[in-house]
Amino acid sequence: MEFFDTHSHYNDEKFEEDREDILNKIYEDGITKAVVVGDNIVNSKATIELAKKYDFLFCAVGIHPCEIGETQEEIDNQILEIEKIANYEKNIAIGEIGLDYYWEKDLGKRALQKYAFLEQIKLANKLNLPIIIHSRDAIMDTIDILKGEIRPNNKGILHCCQLNKDLVKTGIDTGFYISFAGPITFKNSKNAEEIIKMVPKEKILIETDAPYLSPEPNRGKRNDSRNLIYTATKIAEVKGTTLEKIAKITYENAKKIYNIKL
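Residues numbered from 1 in each chain as written. Predicted model: local features only at pLDDT ≥ 70, side-chain atom pairs only at ≥ 80, totals over all residues. Heavy atoms only, no water.

What about the environment of K187?
Quick reminder of the rule: Each helix is a run of DSSP H or I of at least 4 residues and each strand a run of E of at least 2, with the numbering of both proceeding from the N terminus.
Among the structural elements, K187 can be located in the loop between β7 (177-180) and α7 (192-198). Measuring from C-alpha to C-alpha, the distance between K187 and E216 comes to 8.3 Å, with 29 residues separating the pair along the chain.

A word on the nonpolar core
Rule in force here: Nonpolar cores are built from buried Ala, Val, Leu, Ile, Met, Phe, Trp, Tyr and Cys residues. Side-chain atoms within 4.5 Å join them into one set. Each residue's exposure class comes from its accessible area (1.4 Å probe, protein chains only) as a fraction of the maximum for that residue type: buried when under 20%, exposed when over 50%, partly exposed otherwise. By definition in these notes, contact holds between two residues if any of their heavy atoms fall within 4.5 Å.
In this structure, Y10, I94, I131 and F180 are the most contacted members of the largest nonpolar core, which totals 69 residues. Beyond its immediate chain neighbours, meaning those up to four positions away, I94 contacts V61, A86, Q120, L123, A124, L127, L129, P130, I131 and I132.

Structural notes on the pattern of salt bridges
For side chains of opposite charge, pairing can occur when their charged atoms come near one another. To be explicit about the condition: For this document, the term salt bridge refers to a Lys or Arg side-chain nitrogen within 4 Å of an Asp or Glu carboxyl oxygen.
Scanning all chains against the criterion turns up 15 salt bridges. For E193, the salt bridge identified is with K234, shortest N-O distance 3.2 Å. Separated by 41 residues along the polypeptide, E193 in helix α7 and K234 in helix α8 (residues 228-239) bring together distant segments of the chain. Classification of K234 by relative accessible area gives buried; the value is 18%. Close ionic contact of E252 with K255 constitutes a salt bridge, the shortest N to O distance being 3.9 Å. Of this pair, E252 and K255 are both found in helix α9 (residues 243-257), three residues apart, which corresponds to roughly one turn of the helix. Note on E252: relative accessible area 41%, which makes it partly exposed.

Observations regarding the sheet that holds strand β1 (residues 3-8)
Hydrogen bonding along the main chain pairs the strands of a sheet, whether they run parallel or antiparallel. Rules: Paired strands, as defined in this entry, are two strands with at least two bridges between them according to DSSP. Here, axes are lines fitted to C-alpha atoms. For helices the fit covers the stretch in contact, and angles between N-to-C directions go from 0 to 180 degrees.
Strand order in the open sheet formed by eight strands is β1-β2-β3-β4-β5-β6-β7-β8, and the pairing between neighbours is parallel. The two strands at the open ends of the sheet, each matched to only one other strand, are β1 and β8 (204-206). Strand-to-strand, the axes of this sheet are offset by a mean angle of 25 degrees, without reference to chain direction. For β1 and strand β2 (residues 31-37), the ladder comprises four bridges, and the chain directions are parallel. Counted as the bridge partner of S8 is V36 from β2.

Some points on the packing of aromatic side chains
For clarity, the cut-off: Within 6.5 Å between ring centres, the rings of Phe, Tyr and Trp (the latter by its six-membered ring) count as paired, and their orientation is classed by plane angle as stacked under 30 degrees, edge-to-face over 60, tilted in between.
Applying the stated rule across the entire model yields six aromatic pairs. When the ring of F4 is compared with that of Y251, the centres are 5.6 Å apart and the planes differ by 70 degrees; the resulting orientation is edge-to-face. Here the residue F4 occupies a position in strand β1, and Y251 occupies one in helix α9, the gap between them amounting to 247 residues. With centroids separated by 6.2 Å and ring planes inclined at 25 degrees, the aromatic side chains of F4 and Y258 adopt a geometry described as stacked. With a gap of 254 residues between them, F4 in strand β1 and Y258 in the segment after α9 connect regions that are remote in the sequence.

Section: the side chain of K90
Stated formally: Counted as positive: Lys and Arg. Counted as negative: Asp and Glu. His and the chain ends are not counted at all.
With respect to the helices and strands, the residue K90 is situated in the loop between α3 (72-85) and β4 (91-100). With no salt bridge to any partner, buried K90 finds its closest opposite charge in D55, at an N-O distance of 5.0 Å. Excluding its chain neighbours within four sequence positions, the residues that come into contact with K90 are A51, Y54, D55, L57, F58 and C59.

Describing the environment of H134
Note the cut-off: Here a polar contact is taken to be a pair of N or O atoms separated by no more than 3.5 Å, where protein atoms must pair a possible hydrogen donor with a possible acceptor and residues adjacent in sequence count only if both atoms sit in side chains.
With respect to the helices, strands and loops of the structure, H134 is situated in strand β5 (residues 131-136). Judged by relative accessible area, which is 13%, H134 ranks as buried. A sequence separation of 120 residues divides H134 from K14, and the C-alpha atoms of the two residues are 21 Å apart. Look past the residues within four positions of H134 in its chain and what remains in contact with it is H64, P65, E96, I97, G98, L99, D100 and H159. Separated by 3.1 Å, the side chains of H134 and E96 make a polar contact.

A closer look at a nonpolar patch on the surface
Selection rule: Exposure above 30% relative accessible area and the absence of a salt bridge qualify a residue for a patch, where like charges join within 9 Å and nonpolar side chains (Val, Leu, Ile, Met, Phe, Trp, Tyr) within 5 Å. Computed by Shrake-Rupley with a 1.4 Å probe, the accessible areas treat only the displayed protein chains as cover when residues are assessed.
Nonpolar side chains collect at one region of the surface, where M1, I229 and Y230 lie side by side and expose about 260 Å² of accessible area between them. Among the secondary structure elements, I229 is positioned in helix α8. Taking the relative accessible area as the measure of exposure, I229 reaches 32% and is therefore partly exposed.

Laid out in structure tokens, this is it:
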């Protein structure tokens, strides 16, 4: 049984001391493909270096909403830097990009987040790549952008999707894949089963967001791709199918959205 971790951060400093050991272990445990995702210029470059070193790793580059510049000019310069590295052959998406109002209360800076989001959608269209969307406490604005005039030609993924019916329905209706992470296993997770039932099997993905968001029974510990089994098991239970089928379905879905032929 093989798994595809569609969203991880093995470029994170939390893996600094044992990165090579962890990556070898997850591959031996059946995680035969994983995407390492950037959130700023430095981390995006680091994802490329990891993808060069490990055959089973792919990368995505982009500017996270909490990492954008203070002005449109600064954001434009950041995106130019991302464009310079985005043509690497194992870069399979622009991300993670989107909106995050949990930390940002200033309306002017929220407007800059929207600007950065839209400009990176334009970049993805220019490069013929899908996007990876981060949305936190910004559901309505995310929905408005997904339904707006500037849309990603190759669609993409709602990463660690917030368990909101309107957002998930909009994502599905506009052709996006819905990626589930550890929080769906939490005992206090609201709407998890209802949302899982909403998503057609051909649009489901699984991820860890490692080193963050470890599922039960490892909640609170550093996450890595070996914990995908718990998220996949939860989906299998809700869908009334086997773990093996969910592993296969999500693996093929990931290859499709990321346009990976291997």
